[in-house]
Amino acid sequence: MSCVASDATQQFAPGAPRVIVAGATGFAGALAAHLLWRHPGFELVTVSGRSEVGRRLDHLYPRYRVPLEIEELDLDRIEPIDAAVVAYPHAAAAPTVGALRERGARVVDLSADFRLGSLATYEQWYGEHPRPDLLDDAVYGLSELHRERIAGAGIVANPGCYPTAAVLGLAPLARAGLIADVVIDAKQGISGAGRAFDETTHLSMAGENILPYKVACHRHTPEIEEQLGELDPAHPESPVQFQAHLVPLDQGELASCYVTPTRVVAAAELRELYGDAYANEPFVEVVDTPPGTREVRETNFCRVFAAADGHTGKVVVLSAIDNLWKGTSSQAVQNLNIMFGLSETEGLL
């Protein structure tokens with residue numbers, strides 16, 4: 001039974017796990033706070049930020065209506081908590097994750113600090129790791145692939161938005177050993193760049209334009225490769241060609257994947273493969289027509305479409321998500337639900 005409260009008071013079940021959001025002033029952290037504030041299974045007790053301290057979150061983001069004052073994070077002053085969502089950039093997140101773990105809190109980290117199992121790969125793409133001692137404790141938080149391990153994890157590395165769309169789209173093929181080569185052409189709205197605008201994400205450049213960025217060097221590439229490699233042990237180090245594009249949307253993401261299969265794959269086999277893979281997944285919808293980003297906006301759903309190209313022999317997979325929701329914050333809440341034994345869909349439907 002939930003407490004009865006006004007619109008300005010959170011409603012949560014008695015004894016609900018106490019959770020904080022560190023980094024609530026960014027797009028991802030603010031949305032995570034919004035989802036947790038209205039979630040009946042968690043008590044959101046603190047939102048912190050490295051800017052806007054003293055300002056209420058619902059003044060910074062009025063549409064989220066979280067009436068908590070943004071605080072400077074001081075773990076020594078916060079009463080005991082059960083969980084945290086850390087929404088800091090890479091390298092800045094890991095020390096905070098470590099400090100939270102030392103206090104017994106379970107953490108969903110939205111940065112890249114714990115997404116890669118290989119320290120060498122992390123350092124190749126991101127530089128020196130601040131807390132390499134914690135890497136073995138982290139579980140990759142793609143719920144549909146790793147929910148059993150997520151359930152008992154102390155640190156869950158929330159996937160990047162591009163890997164979420166790409167890996168969910170390609171997982172059935174990888175698991176069946178059907179990917180010989182893949183090119184991923186992905187497009188995302190400007191919210192994926194965060195609140196800090198640069199010369200490519202400034203509205204004057206982003207409007208009425210399509211901009212490729214990080215050509216042949218996007219940091220999500222090794223994350224996708226590692227996850228697909230785990231699904232297909234016969235091809236654990238197959239390279240992925242990944243290219244990101246900025247499109248004039250607020251939020252939304254479409255990953256178009258062009259697969260050279262290891263053998264001929266017929267349309268009927270594809271339907272069966274994807275139908276079986278996602279038949280019991282509450283947030284992955286296998287669809288019969290190509291999906292668009294509007295269909296999944298402000299939801300935790302991923303819509304996947306797969307087609308066999310009889311002309312080229314390739315398989316085309318299209319995967320649509322909301323980059324801020326399923327690609328980031330609502331997936332973090334999905335992971336928290338799993339970690340604390342709640343229904344996976346609670347607070348997300």
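Note: the structure precedes this text.
Cut-offs used in this document
Residues numbered from 1 in each chain as written. Predicted model: local features only at pLDDT ≥ 70, side-chain atom pairs only at ≥ 80, totals over all residues. Heavy atoms only, no water. Helix = DSSP H or I, 4+ residues; strand = E, 2+ residues; numbered from the N terminus. Polar contact = N/O pair within 3.5 Å; in protein donor to acceptor, adjacent residues only side chain to side chain. Contact = heavy atoms within 4.5 Å. Buried < 20%, exposed > 50% of the residue type's maximum accessible area, 1.4 Å probe, protein only. Pairing = 2+ DSSP bridges. Right-handed = clockwise from strand over helix to strand, strands pointing away. Salt bridge = Lys/Arg side-chain N within 4 Å of Asp/Glu carboxyl O. Core = buried A, V, L, I, M, F, W, Y, C linked by side-chain atoms within 4.5 Å. Axes fitted to C-alpha atoms, helices over the stretch in contact; angles between N-to-C directions. Parallel < 35°, antiparallel > 145°, perpendicular 65-115°, else oblique. Left-handed = near helix turned anticlockwise from the far one by under 90°.

J.: Explanation requested: the side chain of histidine 129 in the structure shown.
T.: Relative to the assigned elements, histidine 129 resides in the loop between α4 (119-126) and β6 (138-140). For histidine 129, the side chain forms a polar contact with the main-chain nitrogen of arginine 131, separated by 3.0 Å. Not counting the four nearest positions on each side in its chain, histidine 129 is found in contact with Ala94, Asp113, Phe114, Leu119, Tyr122, Glu123 and Leu135.

J.: What exactly am I supposed to notice about the pairing of strand β2 (residues 43-48) here?
T.: Consecutive side chains of a regular strand alternate in pointing toward one face of the sheet and then the other. Where burial is concerned, most of β2 is hidden: five out of the six residues are buried. Alignment of strand β1 (residues 18-22) against β2, held across five bridges, turns out to be parallel. Across the sheet, valine 19 pairs through a bridge with leucine 44, a residue of β2. With respect to chirality, the unit in which β1 leads through helix α1 (residues 27-37) into the neighbouring parallel β2 is right-handed. Examined bridge by bridge, β2 and strand β3 (residues 70-71) share two bridges and lie parallel to one another.

J.: Is there a simple way to think about the pattern of salt bridges in this case?
T.: Any two side chains of opposite charge can pair, given that their charged atoms come close. Within the structure shown, the criterion is met by 18 salt bridges. Notably, a salt bridge pairs glutamate 79 with arginine 18, separated by 3.8 Å at the nearest N-O pair. Taken as a pair, glutamate 79 in the loop between β3 and β4 (83-86) and arginine 18 in strand β1 lie far apart in primary sequence, 61 residues in all. The exposed category is assigned to glutamate 79, whose relative accessible area is 56%. Notably, a salt bridge pairs glutamate 269 with arginine 263, separated by 2.7 Å at the nearest N-O pair. Looking at glutamate 269, the relative accessible area reads 27%, which means it is partly exposed. Overall, the relative accessible area of 41% leaves arginine 263 in the partly exposed class. What you see here is one network of salt bridges that share partners, running through Arg18, Glu43 and Glu79.

J.: Could you clarify how one ought to interpret the environment of glycine 15 in this entry?
T.: In this structure, glycine 15 sits in the segment before β1. The sequence separation of glycine 15 and glutamate 208 amounts to 193 residues, and the corresponding C-alpha distance is 50 Å.

J.: Help me understand the nonpolar core in this model?
T.: As a rule of thumb, soluble globular proteins bury nonpolar side chains together. Formed by 42 residues in total, the largest nonpolar core has its most connected members in Val21, Leu36, Leu44, Val47, Leu57 and Leu336. Among the elements of the structure, β1, α1, β2, α2 (57-60), β4 and α10 (325-339) are those that each provide at least two residues to this core. If you tally residues by element for this core, the top one is α1, at eight residues. Residues contacting leucine 36, with those up to four places away along its chain left out, are Gln10, Val19, Val21, Phe42, Leu44, Val85, Val333 and Leu336.

J.: What should I look at first to understand the packing of α1 against α10 in this one?
T.: Any two packed helices are characterised by the angle at which their axes cross and by the distance between the axes. Closest axis-to-axis distance for the α1/α10 pair is 9 Å, and the angle between their directions is 40°. On the basis of their axis angle, the class for α1 and α10 is oblique. Both α1 and α10 take part in a crossing whose hand is right-handed. Where α1 approaches α10, its residues Ala28, Leu31, Ala32, Leu35 and Leu36 are matched on the opposing element by Trp325, Thr328, Ser329, Ser330, Val333 and Leu336.

J.: Is there a simple way to think about the sheet that holds strand β5 (residues 106-109) in this case?
T.: In sheet architecture, strand pairing relies on hydrogen bonds along the backbone and comes in two forms, parallel and antiparallel. Pairing is parallel across the open sheet formed by seven strands, whose spatial order is β3-β2-β1-β4-β5-β7-β6. Each edge of the sheet is formed by a strand with only one pairing partner; in this case those strands are β3 and β6. Where β4 meets β5, four bridges bridge the pair, whose relative direction is parallel. Bridging across to β5, valine 86 finds its partner in aspartate 109. Against the sheet, helix α3 (residues 93-102) engages β1, β4, β5 and β7 (155-157), with an angle of about 165° to β5. In this fold α10 packs onto β4, β5 and β7, with an angle of close to 155° to the strand it touches most, β5.

J.: Can you help me understand the sheet that holds strand β13 (residues 302-308) in this one?
T.: Sheet architecture is open: seven strands sit in the order β9-β10-β8-β11-β14-β13-β12, paired in mixed fashion. Two strands close off the open sheet at either side, each with one partner strand: β9 (211-213) and β12 (284-286). Between one strand axis and the next, the sheet turns through 20° on average, direction left out of account.

J.: I would appreciate a short explanation of unusual backbone geometry in the present structure.
T.: The general pattern is negative phi for most residues beyond glycine and trans for most peptide bonds. Look at glutamate 52: it is not a glycine, yet its phi comes out positive at around 60°. Locating glutamate 52 in the fold gives a position in the loop between β2 and α2. Look at arginine 65: it is not a glycine, yet its phi comes out positive at around 55°. When you line up the elements, arginine 65 lands in the loop between α2 and β3.

J.: Looking at this model, I keep getting lost on the side chain of asparagine 323. Mind explaining?
T.: Mapping asparagine 323 onto the fold places it in the loop between β14 (315-321) and α10. Given a relative accessible area of 1%, asparagine 323 falls into the buried group. At 2.6 Å, the side chain of asparagine 323 and the backbone nitrogen of glycine 252 are in polar contact.

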